[in-house]
Amino acid sequence: MRLRQQSQDHITFTGRGVRGLLLATAAVPALLLSVPAAAQTETAPPAEEQAAEDDNVVVVTGIRSTVRSSIARKQEETAIVDALSSEEIGDLPALSVGEAIQTITGATTHREKGGASEIAIRGLGPFLSNSTFNGRDATNGSGDRSVNFNQFPSELVNGIAIYKTQQANLIEGGVAGTIEIETLRPLDYGRRRIQGEVKFNYSPYQDNIRGEDGLGWRGTLSYVDQFNLGAAGELGISLGIQRNQTANPEQTLAGSSTWTACDATVVVTNNNCREVTRAEVAAGRPYYFAPNSFATRQIVEDDRRDALFGAIQWQPSPGVEINLDLQYSDRVFNEQRNDLNLSEMRRSLRNVTFTPYGTITRAEGQSTIETNSTLQTRAEEYLGGGLDVAVDVTERLKVAVDLSYSRTHRVETDRTVRLRSDAMDINGVRTAINNQRIPYVYEVLPGNFAPTITIDPRYDVTNADLFSAAARLRRDEDSRLHEIVAGRIDATYDMDGFFDRIDAGVRLARMTYNDYSDRVETNLTNRTQIRDANLACRRPFPEEDFLSSARGNAITGYATFDPVCLFQSFLGTADPGRNDDVRSVANRDVEEQTVAGYVMATYNSQIGSLPVRGNFGLRVVNTQVTSVGLRSGLDVVNNPDGTIRLVQTGDFEEVVIESENTRFLPSINAIFELRPDVLFRLAGYRAMSRPNPSALGAGREIDLDVSDTADSIEEAIANITANGSPRLEPLMSWNADASLEWYPNRDTMVAGALYYKNFTGGFIPVVIDEQFTIDGQQVTVPVVQTANSDEQSSLWGFELTLAHTFSWLPAPLDGLGAKLSYNYASSNFETQDVRYGDVLNPVTGVVTPGFIEPANVFGLSEHVVSAQAFYEKGPFSIQAVYNYRSNYYQDFVGGNTQLRYVRDNETVDLRASFDINRNISLRAEAVNLFDEPKVTDMPVQGSIRQYHYYGPRYFLGVRFRI
């Protein structure tokens, strides 16, 4: 169901989305009507299952087994938990852990490159969730606290659980919930197994690229075994490896990440539009939002990932257990980007029409046109694991010690060459327009995803001769290193009576986050050199049917070049390497130390004849942050036209900012057994979510592009912004949950939950005066950064889950099953735009109102739907998975950037398998079957910033088990 917001007051539905929702909704009556009949299966199970139970042989496998174990896990847990688990390796019904998670009630994903990446729980983004791997915090390479689930193959994971309510023994950080990823413990598995699987995949988009066949593959091999060591006890081992070689083609049109509110009363001639002030807008001056640039991008990519999982479980004696586990992932991809860029979208704008919300519907302008050729290489390595030792000190007392380590290092290198339009072509012949800047028309037509950009036909963007000036070569290297070292001690003491047991523990953790951005830039104007490189490095446009699915797109091809060839031609080397000194004012160096302790009591009793069980406890968390940043001296350079620009002197001053906070997190969970098959749960707790590591930077980003000029120092320094706020404190919330669950039999569940969250404090931009050395003098610069506000806000919602296997139907229909989940969330939380939202003066306490509506909580989708239907009979099974997520605010990593919204989106995936025998099976899968795009708006909804098309992908594989 695509719900597309044309403006802030008008919402429309597209046809296919309505059909998808109707199909999902139609399943509800069937599920509800079938439950009474299904309940009878407890006393009269199907004949084949009864026979199997008589023989003590379990025959429920595959999808039905996964659904059954998930229902059992939810019923048994003390907190409100939804899970996806399987007894067998490789049986999770998805290609990645992220895609598996989005089948869990209330969970949905943010997609990048067509795959599920960040997870939102109950419509709340990854900032408000906590993810753990085997009970431990995990790192990533994105600068936030989420887990890059694409790093972990689902074939090597056995269970995923989402704790939607908190309890004292869980690691803090889950206002929305805690995602727990679990790998297999070999002794608990209890049998030997060797399993291998090979999958071949086909991407139609990749097949459209010249020289590509659209094919890829992934291979997985796992081994589990147990050994009796005699007097040394029992030992279990498990190993799993995977190689994934594929491609993630992408087609996109994107605006810049900075949009300016232009004064609509000023006619712009041969200059950038004038930016309005808050006071002018408050006085009624009209404005429209324009990006700095707009680019059409074609991408050719190859992606390789190697993963290794291992575990050793040793029980030297009945009261001692030692577990050692390791996870390793190494992912490398190369991406060649071919961009056609209108680099001056704010220049010479005229005849602009726009909505009351500032969204341009049509504009005429003149812009330099660029072709940018980029080779991006990303290498991301993850290493994680830990050692856990549990000892039964006495019959009642058990003590466990856990030491863990997690490290992610991502290095991304871009080599980009720009060639620009000019009044003359590469042969020195005057062009038909005879100007560097080319007229164009920008239109957003009703019903189109893509803005229609019509370039003056006298300028042929496919003619490589016309890109003849201002060669610029950039080598950008970005490195992010995220590391967590942690240790914890937990003790459990079993008791008699009202209390079942008492748990207590202490956890120490040290998190470090470091990043740097390095740029080596060369600008060339020699026309002979540009001509020779242009002729030597031309390449045909790489893709057929480019953006043919994007309604409104008018650009289907343009001149493209080989970036490595251009580097070689201009510099004599394919890679000039990074600078010797990578220090920069934009770098981050953050250390966070955490000390947490808890005590929790688990109880089991009765109120009259009503059984009740649960837990209550308190977790205390102290967090200390130390952030190191650099400040650079600046010089003023006078341009020939009378304007100025700033350049860094190369001298740096180190600044250290520290902060500390302590939070108390009480929690209580209660389960009332209304009937053996009906549970009522209540939970109340306080939760916290820490700012992302990248949001704690103490550096400053200074935009010193040579094309950025100003009339005064005051105007020039407006481009200095904070890259983080080390004094940011955790977002706190008081939470209440209630859940009613009915379990008629092992294959059926009907559950509904209500939840409420009251947030203490939000986030608001603040202006803080800082001192910079400019042209040898101390200058006070007002720097905008993010701070905590004291505003109160709330969120409430409900979720519904229905799961049922129609085993009571006559054969062959008894193999049918379905699961439907729906989550609704509503909040009055406010996230202000850093440029045009409310701004707080921390000295006076005065808030200057902004003029665009604030966003809600990062990742909040009002509606989330997940529907699954499966048929499993004998050796054959097939499953369809439908996911829908309504529009949401998507933060930029690091913060201090403008608002970005992702429009509502839906996906349909299909999976099927056929068991040739008990050892060999065939598998087929289709992902993003209907080629759904991702469309984003900025800085207000309805203002198209970017759309991505990934295309569907198809997989065919074979699996063997011994």
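Heads up: the structure comes first, above all this text.
These numbers were taken from a predicted model, which means no experiment stands behind them.

**Looking at the overall build of the protein**
A tally of regular secondary structure across the protein gives ten helices and 49 strands. Per-residue burial over the protein gives 59% buried out of 962 residues. Of the contacts formed within the protein by residues at least 6 apart in sequence, a portion of 75% connects residues at least 24 apart. Working note: accessible area of the protein is about 37400 Å², and carbon and sulfur atoms make up 54% of it.

**Topic: the environment of P563**
Along the chain, the position of P563 falls in helix α9 (residues 563–571). For P563, a relative accessible area of 1% puts it in the buried group. Sequence separation of P563 and L375 is 188 residues, and the distance between their C-alpha atoms is 6.4 Å. Beyond its immediate chain neighbours, meaning those up to four positions away, P563 contacts Q336, S373, T374, L375, R415 and V417.

**Examining a negative patch on the surface**
A contiguous patch of negative charge, built from D207, E212, D213, D302, E544 and D545, is present on the exposed surface. Among the structural elements, D302 can be located in strand β16 (residues 294–317).

**Considering the sheet that holds strand β3 (residues 81–85)**
Read from one edge to the other, the open sheet built from five strands follows the order β3-β8-β9-β6-β7, with strand pairing classed as mixed. Strands at the two margins of the open sheet, each flanked by one partner only, are β3 and β7 (136–137). Where strand β6 (residues 129–133) and β7 come together, two bridges link them in antiparallel fashion. For F133, the partnering residue across the bridge sits in β7 and is R136.

**Some details on the packing of helix α8 (residues 527–536) against α9**
Two elements in contact, α8 and α9, have axes separated by 9 Å at closest approach and are oriented at 150 degrees. Classed by the angle they form, the pair α8 and α9 counts as roughly antiparallel. Crossing of α8 against α9: the hand is right-handed. On α9, the residues touching Q529, I530, A533 and A536 of α8 are C565, L566, S569 and F570. The residue makeup of the contact of α8 with α9, split by class, is six nonpolar, two polar and no charged.

**Digging into the nonpolar core**
I101, F289, I455, Y459, F570 and F851 are the most contacted members of the largest nonpolar core, which has 115 residues in total. No other element matches strand β23 (residues 467–494), which puts five residues into this core. Ignoring sequence-local partners within four residues, the contact set of I101 consists of A107, I119, F149, I160, I162 and I179.

**Re the pairing of strand β18 (residues 350–354)**
Pairing analysis gives three bridges linking β18 to strand β19 (residues 360–392), with the strands arranged antiparallel. Note that in β19 the partner of F354 across the bridge is I360. In this structure, the hairpin formed by β18 and β19 is closed by a connection of five residues, where G358 is found at a positive phi of approximately 90 degrees.

**Some thoughts on the packing of aromatic side chains**
Under the definition given, this model contains 24 aromatic pairs. With 5.2 Å between their ring centres and 70 degrees between their planes, F541 and F546 make a pair best called edge-to-face. Note on F541: relative accessible area 12%, which makes it buried. Of the residues examined, F546 reaches a relative accessible area of 1% and is grouped as buried. Judged by centre distance (6.3 Å) and plane angle (50 degrees), the rings of F806 and W808 are tilted. Owing to a relative accessible area of 13%, F806 belongs among the buried residues under this scheme.

**Comments concerning the pairing of strand β42 (residues 876–885)**
In summary, the side chains of a regular strand alternate between the two faces of the sheet. β42 sits mainly inside the fold: seven of its ten residues count as buried. Here ten bridges tie strand β41 (residues 863–873) to β42, and the two strands are oriented antiparallel to one another. Counterpart to E872 in the pairing with β42 is S877. Turn length for the β41-β42 hairpin, with the two strands adjacent in sequence and antiparallel, is two residues, and the turn residue G874 shows positive phi of about 60 degrees. Relative to strand β45 (residues 905–915), β42 runs antiparallel, the two being bridged by ten bridges. In the strand pairing of β45, R885 is matched with N905.

**A short note on α9**
Taken together, the buried positions of α9 are occupied by P563, C565, L566, F567 and F570. Two residues or fewer past α9, G572 is found with a positive phi of approximately 80 degrees.

**Quick look at the pattern of salt bridges**
Evaluated as defined, the whole model comprises 60 salt bridges. D325 is paired through a salt bridge with R136; the nearest N and O atoms lie 2.9 Å apart. Of this pair, D325 sits in strand β17 (residues 320–342) while R136 sits in strand β7, and the two are 189 residues apart along the sequence. A network of salt bridges, in which partner residues are shared, links K74, D82, K164, R681, E741 and E799.

**Examining the environment of Y947**
Locating Y947 in the fold gives a position in strand β48 (residues 944–949). Placed 14 residues apart in sequence, Y947 and P933 show a C-alpha to C-alpha distance of 6.8 Å. When residues no more than four places from it in sequence are discounted, the contact partners of Y947 are Q251, T252, L253, F449, A450, P451, L547, A550, N553, K934 and V935.

**A closer look at the environment of R122**
Residue placement: R122 occurs in the loop between β5 (115–121) and β6. The exposure class of R122 is buried, given its relative accessible area of 0%. Sequence-wise, R122 and S861 are 739 residues apart; in three dimensions their C-alpha atoms are separated by 8.0 Å. In contact with R122, other than residues within four places in its own chain, are I80, G106, K164, D737, A753, Y755, E799, N823 and A825.

**Quick notes on unusual backbone geometry**
Leaving glycine out, the prevailing phi sign among residues is negative, and the prevailing peptide bond configuration is trans. That bond from A811 to P812 is cis: its omega, 5 degrees, falls within 30 degrees of zero. The amide bond that connects M938 to the next residue, P939, takes the cis arrangement and shows omega of -10 degrees. Relative to the helices and strands, P939 resides in the loop between β47 (934–937) and β48. Phi is positive for A470, close to 50 degrees, though the residue is something other than glycine. Its identity as a non-glycine residue notwithstanding, D545 has a phi of 55 degrees, on the positive side.

Conventions used here
- Residues numbered from 1 in each chain as written.
- Predicted model: local features only at pLDDT ≥ 70, side-chain atom pairs only at ≥ 80, totals over all residues.
- Heavy atoms only, no water.
- Helix = DSSP H or I, 4+ residues; strand = E, 2+ residues; numbered from the N terminus.
- Buried < 20%, exposed > 50% of the residue type's maximum accessible area, 1.4 Å probe, protein only.
- Contact = heavy atoms within 4.5 Å.
- Areas by Shrake-Rupley, 256 points an atom, 1.4 Å probe, with all protein chains shown as cover.
- Patch = residues over 30% accessible without salt bridge, like charges linked within 9 Å, V, L, I, M, F, W, Y side chains within 5 Å.
- Salt bridge = Lys/Arg side-chain N within 4 Å of Asp/Glu carboxyl O.
- Lys, Arg positive; Asp, Glu negative; His and termini not counted.
- Charge placed at Lys NZ, Arg CZ, Asp CG, Glu CD.
- Pairing = 2+ DSSP bridges.
- Axes fitted to C-alpha atoms, helices over the stretch in contact; angles between N-to-C directions.
- Parallel < 35°, antiparallel > 145°, perpendicular 65-115°, else oblique.
- Left-handed = near helix turned anticlockwise from the far one by under 90°.
- Nonpolar A, V, L, I, M, F, W, Y, C, P; charged D, E, K, R; others polar.
- Core = buried A, V, L, I, M, F, W, Y, C linked by side-chain atoms within 4.5 Å.
- Phe/Tyr/Trp six-rings, centres within 6.5 Å; stacked < 30°, edge-to-face > 60°.

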